[in-house]
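Summary of the model geometry
Below are the chains, spelled out letter by letter.
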Amino acid sequence: MFVSDFRKEFYEVVQSQRVLLFVASDVDALCACKILQALFQCDHVQYTLVPVSGWQELETAFLEHKEQFRYFILINCGANVDLLDILQPDEDAIFFVCDSHRPVNVVNVYNDAQIKLLIKQDDDLEVPAYDDIFRDEEEDEEHSGSESDNGSEPSEKRTRLEEEIVAQTMKRRQRREWEARRRDILFDYEQYEYHGTSSAMVMFDLAWMMSKDLNDMLWWAIVGLTDQWVQDKITQMKYVTDVGVLQRHVSRHNHRNEDEENALSVDCTRISFEYDLRLVLYQHWSLHDSLCNTCYTAARFKLWSVHGQKRLQEFLADVGLPLKQVKQKFQSMDISLKENLREMIEESANKFGMKDMRVQTFSIHFGFKHKFLASDVVFATMSLMESPEKDGSGTDNFIQALDSLSRSNLDKLYHGLELAKKQLRATQQTIASCLCTNLVISQGPFLYCSLMETKNRRCKLLPLVMAAPLSVEQGTVTVVGIPPETDSSDRKNFFGRAFEKAAEGTNSRTLHNHFDLSVIELKAEDRSKFLDALVSLLS
């Protein structure tokens with residue numbers, strides 16, 4: 001069920017309890033976790049934190065800890081599946097679920113006893129009505145009648161029996177019609193996977209309602225929202241709306257007059273709203289590297305081709321930036337060039353068809369030396385969490401990423417920025433290699449790329465299915481479904497249901513272990529028949 005009063009029905013309930021916290025491995029979940037940890041620290045709430053990266057880890061961790069806890073909090077996992085069916089908990093276990101994955105499973109919505117959903121109801125949820133989905137089982141009427149009908153004529157008995165048969169037939173027909181309608185309603189509701197309000201913003205709202213919100217918590221909420229935008233999980237309209245909400249909090253927390261500004265301490269934290277360039281890490285990199293490794297500019301210029309590289313040179317010439325300047329660290333560029341850099345780049349970007357080069361965002365200053373954009377922190381934290389370094393486990397990476405969000409651990413954040421640069425370079429090189437060697441193949445209703453040919457004008461309108469080797473020993477691949485990228489895109493992903501149907505229809509061996517339903521594991525030898533089924537489903 002949806003929790004209407006987060007303070008009374010959630011926080012005051014767990015405040016005096018020992019709780020288990022399951023946190024998914026994404027930046028928004030980490031930020032929500034940081035806010036909740038800060039609140040728990042204020043009120044001395046005892047908790048155990050367990051990072052989980054998929055359903056199998058969640059099940060294993062729950063089985064390991066279920067005897068010690070009665071209250072469980074799940075962040076960015078658990079809302080879009082039947083949680084009780086997966087975990088099989090005791091009847092007295094209570095689950096508080098704060099999850100941005102949509103659609104919310106209907107069983108979770110209508111379970112009043114054990115599932116408490118910490119989800120903003122102003123999101124466009126469109127949950128089907130209870131009576132359309134659930135129906136009380138009716139007991140079959142008994143047709144004994146021998147005792148009461150002893151004195152009845154055989155013709156009367158026959159007439160009554162015929163009436164009962166007709167009534168039963170009508171009930172069965174109504175039942176079948178209701179079940180067919182239920183299937184259609186559930187299919188329409190569950191067809192697309194998408195994301196709602198950031199979990200970090202939901203947790204910040206809770207802190208604000210309790211008058212315990214701090215500037216650090218506000219920054220984590222900003223980073224959580226920016227993570228959703230960076231990863232294309234929400235629409236531009238949703239992002240701008242939520243930025244407006246956070247902007248009011250920024251004004252409230254960071255308002256100072258001129259006299260106070262002069263008296264700021266060296267290690268103070270200031271958050272400010274600003275319009276900035278849609279270029280990754282450019283203030284911590286060179287402008288040239290940032291332009292080459294930002295998805296938006298790399299795709300617009302088509303930098304994997306010689307023609308694309310020429311277009312980049314023309315763009316820099318149009319802006320009026322010498323190559324010597326753009327190839328050195330941004331901090332070392334001439335101050336005269338940096339003064340109007342944003343306006344100059346935005347003006348030239350419009351000429352080259354990049355009308356979305358300027359974005360609304362927030363920045364944070366730690367003292368006078370350290371300045372980061374919200375997107376910088378997202379990339380750094382994500383890179384620490386996904387670090388491929390051999391000496392670190394998933395839990396170690398999670399703790400490193402969580403620590404990097406604290407202002408006392410700026411060294412970890414800078415380490416994350418360096419890792420992010422390496423990952424961005426590797427990503428762009430892989431994409432360029434796939435495109436140049438014709439590894440992206442048109443399958444008709446979608447494009448398919450297997451990491452180990454087409455020049456199609458429709459490619460911008462087609463979704464992409466990508467497969468990459470996962471385990472050579474087990475012979476498995478990871479398959480990811482990505483919706484088409486268009487200006488009018490509603491960021492809804494239909495691949496979760498499509499993958500499920502294709503696997504069922506072909507008996508393909510798949511594992512749906514990821515919290516995003518559009519990411520699955522597939523046996524390599526089943527790939528061909530799975531793709532054939534997917535093509536026929538989507539054609």
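Here the structure is a predicted model, which is why all the values come from computation and not from measurement.

In this section: the sheet that holds strand β15 (residues 510-511). Sheet strands associate in pairs through backbone hydrogen bonding, adopting either a parallel or an antiparallel arrangement. Taken in spatial order, the six strands make up an open sheet running β11-β12-β13-β14-β16-β15, and their pairing is mixed. With partners counted over all chains shown, the strands left at the sheet margins are β11 (440-442) and β15, one partner each. As paired strands, strand β14 (residues 476-482) and strand β16 (residues 519-523) are joined by five bridges and run antiparallel to one another. Bridged to Thr478 within β16 is Glu521. Contacts from helix α21 (residues 495-506) reach β13 (464-471), β14, β15 and β16 within the one sheet, and its direction differs from that of β14 by about 135°. Running over the sheet, helix α22 (residues 527-538) touches β12 (447-450), β13, β14 and β16 and is turned about 130° from β16.

Across the sheet, which stays open at both edges, the three strands sit in the order β8-β9-β10 with antiparallel pairing between neighbours. Lying at the two open borders of the sheet, with one neighbouring strand each, are β8 (269-277) and β10 (370-373). Neighbour-to-neighbour, the strand axes of the sheet open up by a mean angle of 25°, direction not taken into account. Pairing between strand β9 (residues 358-366) and β10: four bridges, direction antiparallel. Across the sheet, residue Phe366 finds its bridge partner in β10, namely His370. Contacts between helix α18 (residues 374-385) and the sheet are confined to β9 and β10, with β10 contributing the most and set at about 85° to the helix.

Once that is clear, we can look at unusual backbone geometry. Omega for the peptide link from Arg102 to Pro103 comes to 0°, which places this bond in the cis form. In this structure, Pro103 sits in the loop between β5 (101-102) and α5 (106-110). Even without a glycine there, the phi angle at His44 is positive, about 55°. Tracing the backbone shows His44 in the loop between α2 (27-43) and β2 (46-52). Its identity as a non-glycine residue notwithstanding, Asp232 has a phi of 60°, on the positive side. With respect to the helices and strands, Asp232 occurs in the loop between α9 (215-230) and α10 (236-253).

Rules used throughout
Residues numbered from 1 in each chain as written. Predicted model: local features only at pLDDT ≥ 70, side-chain atom pairs only at ≥ 80, totals over all residues. Heavy atoms only, no water. Pairing = 2+ DSSP bridges. Helix = DSSP H or I, 4+ residues; strand = E, 2+ residues; numbered from the N terminus. Contact = heavy atoms within 4.5 Å. Axes fitted to C-alpha atoms, helices over the stretch in contact; angles between N-to-C directions.

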